[in-house]
Amino acid sequence: MTTLMERFDLVRENIYAAAERAGRSPDDVELVAVSKKHPVESVSEAFQEAGQELFGESRVQEALVKIPALPSRLRWHFIGHLQANKVRKALPCFELIHGIDTVDIARDVDRVAAEMGLFPRVLLEVNVSGEGSKHGFTPEGLERELEGLLALPRIQVEGFMTMAPLVKEAEAARPYFTKLRELRDRLAGQVGIPLATLSMGMSGDYEVAVEEGATLVRVGSALFGGR
Ligand SMILES: *Cc1c(COP(=O)(O)O)cnc(C)c1O
């Protein structure tokens, strides 16, 4: 059995090494510790023992219970599928929303943010694999809608997020990460803003994602164990 601290050390070392292999600065990659379905105590331990301050949650309801029970210096990202009826509760809790996956939810977030006086930072979710089970814009849909989404007055689109298909070998996820990076590079050129954030890579494939340009990796089970 490894300790929580050892697992954080290992994942951080792996991120560092992957960045170096790709000739990137390790400082340009941030670890989002995905604490969904794990108790407040585990988050607290990760903060106190491993110094982790950034956490990811995928259910608003669960986050609303956890966040107030933990130190206010912790930072939270919403990584799940956001439902329209949860937007009002979610917005004040999260510094970044990874999974804006339709024009409708983007408009909802924008409208509610205006009512609440907020300018939420968001990522657009892209379904690069085309799997029917996955949320997100198709690459073509994203290209079609991007200008309109950037024109919404409140949301601040900082980049893209994707989930690779579940694969046995991490290497098999590489083409999906490459595709998201190349799509970003092309669209950023078209619209003339950097779209610098790429959220990609989970426990099974985060090293490959870092090699392909991830700036945020969302790692759960490799840190906290199974759910
Ligand atoms: C659960 C989840 C993760 C973390 O998955 P692990 O395989 O446990 O690392 C990452 N991203 C999203 C969107 C998730 O829902």
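We now turn to the structure provided with this report.

Parameters and conventions
- Residues numbered from 1 in each chain as written.
- Predicted model: local features only at pLDDT ≥ 70, side-chain atom pairs only at ≥ 80, totals over all residues.
- Heavy atoms only, no water.
- Salt bridge = Lys/Arg side-chain N within 4 Å of Asp/Glu carboxyl O.
- Helix = DSSP H or I, 4+ residues; strand = E, 2+ residues; numbered from the N terminus.
- Axes fitted to C-alpha atoms, helices over the stretch in contact; angles between N-to-C directions.
- Parallel < 35°, antiparallel > 145°, perpendicular 65-115°, else oblique.
- Left-handed = near helix turned anticlockwise from the far one by under 90°.
- Contact = heavy atoms within 4.5 Å.
- Nonpolar A, V, L, I, M, F, W, Y, C, P; charged D, E, K, R; others polar.
- Near = heavy atom within 4 Å.
- Polar contact = N/O pair within 3.5 Å; in protein donor to acceptor, adjacent residues only side chain to side chain.
- Areas by Shrake-Rupley, 256 points an atom, 1.4 Å probe, with all protein chains shown as cover.
- 1 Å grid on protein atoms, 1.4 Å probe; cavity = no way out; pocket = protein on both sides within 12 Å on 5 of 7 lines; lining within 4 Å.
- Sits in = over half its atoms within 2 Å of the grid points.

Structural notes on the pattern of salt bridges
It is possible for side chains of opposite charge to pair when their charged atoms get near one another. This structure, assessed with the given rule, holds 17 salt bridges. A salt bridge links Arg21 to Glu211, with the shortest nitrogen-to-oxygen separation between them at 2.7 Å. Note that Arg21 is positioned in helix 1 (residues 4-21) and Glu211 in helix 8 (residues 206-211), a separation of 190 residues in sequence.

Side note on the packing of helix 6 (residues 139-150) against helix 7 (residues 174-191)
Closest axis-to-axis distance for the helix 6/helix 7 pair is 11 Å, and the angle between their directions is 40°. Regarding the angle of helix 6 to helix 7, the classification is oblique. In this structure, helix 6 crosses over helix 7, and the sense of that crossing is right-handed. Touching Pro139, Leu142, Glu143, Leu146, Glu147 and Leu150 of helix 6 are Lys179, Leu183, Arg186, Leu187, Gln190 and Val191, all from helix 7. Counted by class, the contact of helix 6 with helix 7 contains seven nonpolar, one polar and four charged residues.

Digging into the site of the ligand
Contacts to the ligand come from Val34, Lys36, Ile79, Met161, Met163, Met202, Ser203, Arg218, Val219, Gly220, Ser221 and Arg227. One of the side-chain nitrogen or oxygen atoms of Ser203 is found 2.5 Å away from an oxygen atom of the ligand. If the ligand stood free it would expose 390 Å²; the protein chains cover 89% of that surface. The cavity that encloses the ligand is the largest pocket. A breakdown of the residues in the shell around the ligand according to their chemical character gives six nonpolar, three polar and three charged.

Don't take any of this as a statement about function, it's just geometry.
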